[in-house]
Amino acid sequence: MTLDEYPAAVDDLDPAEGAVETAELVVTDDVLVKAFALGPDAELEPHDHPNSTNVFHVLEGTVTVVRGDDSESVEAPGVVHHERGDVHGARNETDERVVFTASLCPLPS
């Protein structure tokens with residue numbers, strides 16, 4: 001038995017250049033934790049969650065995190081907190097796969 005759900009969730013994620021692949025790690029009535037694997041030159045389009053806090057945990061590589069008009073490269077391990085309603089996204093500007101999780105709480109109704 002293992003308590004760590006990360007390896008099984010991301011081992012099969014192998015995004016091609018420009019592609020984003022995802023896996024759900026935890027889904028309950030009040031929280032979602034989702035893994036995002038971005039291939040080189042891939043982008044998670046900017047979006048918002050008006051009623052939820054969103055936290056990125058950078059686990060592999062270096063992710064360029066976008067918030068509004070700002071962007072910053074965040075290297076693993078890293079944590080980025082997005083307040084409710086913040087427009088946010090992510091880009092992979094490297095030649096390797098990058099992986100981060102996004103935790104969303106509470107879940108939108």
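As shown above, the structure is provided for reference.
In this text the structure is predicted, and so the values were computed from the model without any measurement.

Novice: It is not clear to me how the nonpolar core should be interpreted in this structure. Could you clarify?
Specialist: Here is a general trend for soluble globular proteins: nonpolar side chains tend to be buried in one another's company. Residues Phe-36, Leu-38, Phe-56, Val-63, Val-65, Ala-90 and Phe-100 are the most contacted members of the largest nonpolar core, which totals 14 residues. Elements with a minimum of two residues in this core: strand E2 (32-38), strand E4 (53-60), strand E5 (62-67) and strand E9 (98-105). The contacts of Val-63, once residues within four sequence positions are left out, are Val-58, Glu-72, Ser-73, Val-74, Ala-90, Arg-91, Val-98 and Phe-100. Listed in part, the ten residues of the second largest apolar core include Tyr-6, Leu-13, Ala-35 and Ala-37.

Novice: Would you mind showing me how to read the packing of aromatic side chains here?
Specialist: Any two aromatic rings considered together are summarised by their centre-to-centre distance and by the angle between their planes. In total, this model carries two aromatic pairs according to the counting rule given. Arranged with centres 5.3 Å apart and planes meeting at 15 degrees, the rings of Phe-36 and Phe-100 form a pair that is stacked. Linking Phe-36 in strand E2 with Phe-100 in strand E9, this pair joins segments that are 64 residues apart in sequence. Like Phe-100, Phe-36 is buried.

Novice: Explain the sheet that holds strand E8 (residues 88-91) to me, please; I cannot follow it from the model alone.
Specialist: Strand order in this open sheet of four strands is E3-E8-E5-E6, and the pairing throughout is antiparallel. If you trace the sheet from one side to the other, it starts and ends with strand E3 (43-47) and strand E6 (70-75), each paired once. Neighbouring strand axes in the sheet, compared pairwise and without regard to direction, differ in orientation by 25 degrees on average. With three bridges connecting them, E3 and E8 associate as antiparallel partners. When the sheet's bridge partners are listed, Leu-44 is paired in E8 with Ala-90.

Novice: Teacher, can you tell me more about the environment of Ala-16 here?
Specialist: Here Ala-16 is to be found in the loop between helix H1 (6-10) and strand E1 (20-27). Counting along the chain gives twelve residues from Ala-16 to Thr-28, while the straight-line C-alpha distance between them is 30 Å.

Novice: What is the right way to look at the side chain of Thr-64 in this model?
Specialist: Tracing the sequence through the fold places Thr-64 in strand E5. Here Glu-93 takes part through its side chain, which lies 3.1 Å from a polar atom of the side chain of Thr-64. In this structure Thr-64 touches Ser-71, Glu-72, Ser-73, Gly-89, Ala-90, Arg-91 and Glu-93, once residues within four positions along its chain are discounted.

Novice: Sorry, what's going on with unusual backbone geometry here?
Specialist: Most peptide bonds take the trans configuration, and most residues that are not glycine carry a negative phi. The omega angle of the peptide bond from Ala-76 to Pro-77 is -10 degrees, so this bond is cis rather than trans. Mapping Pro-77 onto the fold places it in the loop between E6 and strand E7 (78-82). The amide bond that connects Cys-105 to the next residue, Pro-106, takes the cis arrangement and shows omega of -10 degrees. Locating Pro-106 in the fold gives a position in the segment after E9. Phi is positive for Asp-41, close to 65 degrees, though the residue is something other than glycine. Following the sequence through the fold, Asp-41 ends up in the loop between E2 and E3. With relative accessibility at 56%, the residue Asp-41 sits in the exposed group.

Basis of the calculations
Residues numbered from 1 in each chain as written. Predicted model: local features only at pLDDT ≥ 70, side-chain atom pairs only at ≥ 80, totals over all residues. Heavy atoms only, no water. Core = buried A, V, L, I, M, F, W, Y, C linked by side-chain atoms within 4.5 Å. Buried < 20%, exposed > 50% of the residue type's maximum accessible area, 1.4 Å probe, protein only. Helix = DSSP H or I, 4+ residues; strand = E, 2+ residues; numbered from the N terminus. Contact = heavy atoms within 4.5 Å. Phe/Tyr/Trp six-rings, centres within 6.5 Å; stacked < 30°, edge-to-face > 60°. Pairing = 2+ DSSP bridges. Axes fitted to C-alpha atoms, helices over the stretch in contact; angles between N-to-C directions. Polar contact = N/O pair within 3.5 Å; in protein donor to acceptor, adjacent residues only side chain to side chain.

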